[in-house]
Amino acid sequence: MDKASGEGTNESFPVFFASQYMFFHYLQMCRVLHKNAALMKARSIGFSEINASLAARLYTTIKRSRTMITCFKDTYLNGTFSKLDHALTFINTNADGFFKPRLTDKALEKKSGY
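Summarised in this report is the structure supplied together with it. (Residues numbered from 1 in each chain as written. Predicted model: local features only at pLDDT ≥ 70, side-chain atom pairs only at ≥ 80, totals over all residues. Heavy atoms only, no water.)

**Quick look at the packing of helix H3 (residues 47-61) against helix H4 (residues 74-94)**
To be explicit about the condition: Convention adopted: a line fitted to C-alpha atoms gives each axis, helices being fitted over their contacting stretch, and angles between N-to-C directions are expressed from 0 to 180 degrees. A run of H or I in DSSP counts as a helix once it spans at least four residues, and a run of E counts as a strand once it spans at least two, with each numbered from the N terminus. Oblique is the label for any angle not under 35 degrees, not over 145, and not in the 65 to 115 range, which are roughly parallel, roughly antiparallel and roughly perpendicular in turn. Take the far helix as your reference; a near helix turned counterclockwise from it by less than a right angle gives a left-handed crossing, and one turned clockwise gives a right-handed crossing. Should any heavy atoms of two residues lie within 4.5 Å, those residues are counted as being in contact. In this classification, the charged set is Asp, Glu, Lys and Arg, the nonpolar set is Ala, Val, Leu, Ile, Met, Phe, Trp, Tyr, Cys and Pro, and all remaining amino acids, among them Gly, are polar.
In contact at an axis separation of 8 Å, H3 and H4 are set at 45 degrees when each is read in the N-to-C sense. Taken together, the axes of H3 and H4 are oblique relative to one another. Crossing of H3 against H4: the hand is right-handed. Across the interface between the two elements, Ser 48, Glu 49, Ala 52, Ala 55, Ala 56, Tyr 59 and Thr 60 from H3 touch Thr 80, Lys 83, Leu 84, Ala 87, Leu 88 and Ile 91 from H4. Across the contact of H3 with H4, the residue classes break down as eight nonpolar, three polar and two charged.

**With respect to the pairing of strand S1 (residues 102-106)**
Quick reminder of the rule: Should DSSP find at least two bridges between two strands, the strands are taken to pair.
Alignment of S1 against strand S2 (residues 109-112), held across four bridges, turns out to be antiparallel. Directly across from Asp 105, in S2, lies its bridge partner Lys 110. Taken together, S1 and the strand that follows it, S2, pair antiparallel across an intervening segment of two residues.

**Digging into the nonpolar core**
Our working definition: By convention a nonpolar core is built from buried Ala, Val, Leu, Ile, Met, Phe, Trp, Tyr and Cys residues, the set being connected through side-chain atoms within 4.5 Å. Working definition: with a 1.4 Å probe on protein chains only, accessible area under 20% of the residue-type maximum means buried, over 50% means exposed, and in between means partly exposed.
With ten residues, the main nonpolar core is built from Ala 52, Ala 55, Ala 56, Tyr 59, Ile 69, Leu 77, Phe 81, Leu 84, Ala 87 and Leu 88. Mapped onto this core, the elements with two or more residues apiece are H3 and H4. Considering every element that reaches this core, the biggest residue donor is H4, with five residues. Setting aside residues no more than four positions away along its own chain, Ala 56 makes contact with Leu 84, Ala 87, Leu 88 and Ile 91.

Functional significance is not addressed by these values, which are geometric in nature.
Written as structure tokens, this is what we have:
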């Protein structure tokens, strides 16, 4: 990454693994077949960010959608929810009125609407 263009930000382009490609392929198959999806994976390979991003997308774009995030340990759940909150705050800050106000904004529960 060019140091000059990345100064002042902690964000960078993530590394992409073949397992992540397979996961997105699996999600697409679930959409086509009208099935739910579940994920069991190793730690520290980027899926927390992916799932937080997917949850933020559903929360923001699909009316009355419900997304459940589960983890084996509370620390992992809190970390994923922190990433979800970061994504929702980014959308809220940069989407210029697209984002609905949060009716519930607890550490492990988010609900939007009017």
